[in-house]
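For reference, the chains in residue letters:
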Amino acid sequence: MLYTQTISCPIPYSLFTFSVPFTLRFQTATLSTMKEISLTGIKPTGDLHIGNYFGAIKPALELAKTYDARYFIADYHGLNTMKDPAELSSTARHVAAGWLAAGLDPEKVLFYRQSAIPEVFELTVMLTAFTSKGMMNRAHAYKAAVQDNTDKGDDPDAGVNMGLFTYPILMAADIIIFDSDVVPVGKDQVQHIEMAADIVQSVNANYGKPVLKIPRAGVQPDSAVVPGLDGRKMSKSYNNTIPLFAPENTLKKTIMRMLTNSQTVEEPKDPDTCQIFQLYRLFANKEEQAALAAHYRAGGMGWGMAKEELFLAANRLLAPMRERYNAIMADIPALDKILEQGAEKARPIAAATVKRFRKAAGID
Ligand code: TRP
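Now for a quick tour of the structure. Just so you know, these numbers come straight off a predicted model, no measurement behind them.

**Structural notes on the overall build of the protein chain**
Along the protein chain, the regular secondary structure elements total 16 helices and five strands. Long-range contacts, defined here as pairs at least 24 residues apart, represent 76% of the contacts in the protein chain between residues at least 6 apart. Surface summary for the protein chain: the accessible area is close to 19,500 Å², and the carbon and sulfur share equals 58%.

**A closer look at the side chain of Ser 235**
As for its position among the elements, Ser 235 is in the loop between strand E5 (216-219) and helix H12 (248-256). Looking at Ser 235, the relative accessible area reads 16%, which means it is buried.

**Description of unusual backbone geometry**
Residues other than glycine seldom take positive phi values, yet Asp 179 does so here, at roughly 50 degrees. In this structure, Asp 179 sits in the loop between helix H10 (167-177) and strand E4 (182-185). Phi is positive for Asn 239, which is not a glycine, with a value near 55 degrees. Tracing the sequence through the fold places Asn 239 in the loop between E5 and H12. The class of Asn 239 is exposed, set by a relative accessible area of 68%.

**Here's the deal with the site of the ligand**
With respect to spatial proximity, the complete set of residues near the ligand consists of Gly 41, Lys 43, Phe 72, Ala 74, His 77, Tyr 167, Met 171, Asp 174, Ile 175, Val 183 and Gln 189. Note that an oxygen atom of the ligand is positioned 3.3 Å from one of the side-chain N or O atoms of Lys 43. Between a nitrogen atom of the ligand and a side-chain N or O atom of Gln 189, the distance comes to 2.8 Å. Bound to the protein, the ligand loses 90% of the 370 Å² it would expose on its own. With four residues, the top contributor of residues to the shell around the ligand is H10. Its residues assigned to classes, the shell around the ligand comprises six nonpolar, three polar and two charged.

**Observations regarding H10**
Burial of H10 is extensive: 11 of the 11 residues sit out of reach of the surface. For H10, every residue scored as buried is listed here: Tyr 167, Pro 168, Ile 169, Leu 170, Met 171, Ala 172, Ala 173, Asp 174, Ile 175, Ile 176 and Ile 177. The first or second residue beyond H10 is Asp 179, which carries a positive phi of 50 degrees.

**Comments concerning the packing of helix H13 (residues 275-283) against helix H15 (residues 303-329)**
Pairs of packed helices are described in terms of their axes, by the angle between the two and the distance that separates them. Their axes nearest at 9 Å, the elements H13 and H15 cross at an angle of 25 degrees. On the basis of their axis angle, the class for H13 and H15 is roughly parallel. The two elements H13 and H15 cross, and the hand of that crossing is left-handed. For the pair H13 and H15, contact is made by Ile 276, Leu 279, Tyr 280 and Phe 283 and by Trp 303, Ala 306, Lys 307, Glu 309, Leu 310, Ala 313, Ala 314, Arg 316, Leu 317 and Leu 318, respectively.

**As for the pattern of salt bridges**
Inspection of every chain in the model, using the stated rule, returns 15 salt bridges. A salt bridge links Asp 75 to Arg 113, with the nearest nitrogen and oxygen atoms 2.9 Å apart. Remark: Arg 113 occurs in strand E3 (residues 110-113) and Asp 75 occurs in helix H4 (residues 75-79); sequence separation between them is 38 residues. Residue classification places Arg 113 among the buried positions, given a relative accessible area of 18%.

**With respect to the packing of aromatic side chains**
Taken as a whole and assessed by the stated rule, the structure comprises 14 aromatic pairs. Centroid distance Tyr 207 to Phe 357: 6.3 Å. Interplanar angle 75 degrees. Geometry classified as edge-to-face. Residue Tyr 207 is found in helix H11 (residues 190-207), and its partner Phe 357 is found in helix H16 (residues 332-361); the two are separated by 150 residues along the sequence. In this structure Tyr 207 comes out as partly exposed when scored by relative accessible area, which is 23%.

**Details of H12**
Those residues of H12 that sit buried are Leu 251, Thr 254 and Ile 255. In a view along the axis of H12, the buried residues occupy a sector of 95 degrees, so they form one face of it. Packed against the buried residues of H12 are H15.

**Section: the packing of H10 against H11**
Two numbers describe how H10 lies on H11: the axes approach to 9 Å, and their chain directions differ by 75 degrees. When the axes of H10 and H11 are compared, the pair comes out roughly perpendicular. For the pair H10 and H11, the contacting residues are Tyr 167, Pro 168, Met 171, Ala 172, Ile 175 and Ile 176 in the first and His 192, Ile 193, Met 195, Ala 196, Ile 199 and Val 200 in the second. Of the residues belonging to the contact of H10 with H11, the class tally is 11 nonpolar, one polar and no charged.

Thresholds, definitions, all that
- Residues numbered from 1 in each chain as written.
- Predicted model: local features only at pLDDT ≥ 70, side-chain atom pairs only at ≥ 80, totals over all residues.
- Heavy atoms only, no water.
- Helix = DSSP H or I, 4+ residues; strand = E, 2+ residues; numbered from the N terminus.
- Contact = heavy atoms within 4.5 Å.
- Areas by Shrake-Rupley, 256 points an atom, 1.4 Å probe, with all protein chains shown as cover.
- Buried < 20%, exposed > 50% of the residue type's maximum accessible area, 1.4 Å probe, protein only.
- Near = heavy atom within 4 Å.
- Polar contact = N/O pair within 3.5 Å; in protein donor to acceptor, adjacent residues only side chain to side chain.
- Nonpolar A, V, L, I, M, F, W, Y, C, P; charged D, E, K, R; others polar.
- Axes fitted to C-alpha atoms, helices over the stretch in contact; angles between N-to-C directions.
- Parallel < 35°, antiparallel > 145°, perpendicular 65-115°, else oblique.
- Left-handed = near helix turned anticlockwise from the far one by under 90°.
- Salt bridge = Lys/Arg side-chain N within 4 Å of Asp/Glu carboxyl O.
- Phe/Tyr/Trp six-rings, centres within 6.5 Å; stacked < 30°, edge-to-face > 60°.
- Arc of directions from axis to C-beta.

See the structure below:
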């Protein structure tokens, strides 16, 4: 009370005039280290496609321009669904190689495997004490599994392991341990980030001080809609994907398989309702887009030619990425080393968060 009264009296004005130059100097001097922290979690998956690239990988890599960007392979999350060791081990490396080939620069950003940071699991256990079971009951992925089972007349929890049930807590630990400000995610993951923020608030409220940082979701405002071979959203579950690192002839064959209507070569065509053109726009510059659109509208251009143009533009971007990918996958020990070096840089940050929390909790 006394303290509050002191700061409302005139004294702070003189403090204020004093502190301004200091504050300014401090901010200028530390501007580069004052960037907000972004964290991207990457689920292990073996077959990255063009939809992953434009919808997730490319926008996430752009974060490195504005944020102190951190990326990790969520391999312990993968364990919930992948019980085959060869599959988990190979998908974790494929996806890591894929992000590196797509332009992730491990010299400039943190890049590590979740499994290399044991502090994440220590924090997970601590967070379970602040997470209500009711909140986990409401998590979308768990609720969807229960609904599925109920619809089939099965036991509601059939096939649900505790990894799936507590998934949001491990994900919260992933985020919180690196003091993340922003977590770029798709709409389906926003609930997880809100849960992480909720858990942090319970911790901070309990100790009456900001022990952990509250994260927020960074939902991509105009994340690219990438149509698949059949015009629906490109997705593994629709089996309509164009693989990112396939050999050139496979890329060509896949594009040639794209579904089209039965318009004749002579008929003028509408680029705006055509998935070939929608994909072309992702790879081509403005002039190229205008030229192909004019071709569509003029008539005299068959679907085969539109697909050929798409293939050429796609291959121009993908060929060097494919080469990098193949080179990385040809030297797995070097890839592992990159990830280990990332983990070495990441662990002290993780250890500091756990230490801070343990101290606040009285486990010191
Ligand atoms: N749940 C995310 C997904 O399904 C992957 C993930 C795990 C993640 N931990 C994270 C994403 C932490 C962001 C931050 O894609």
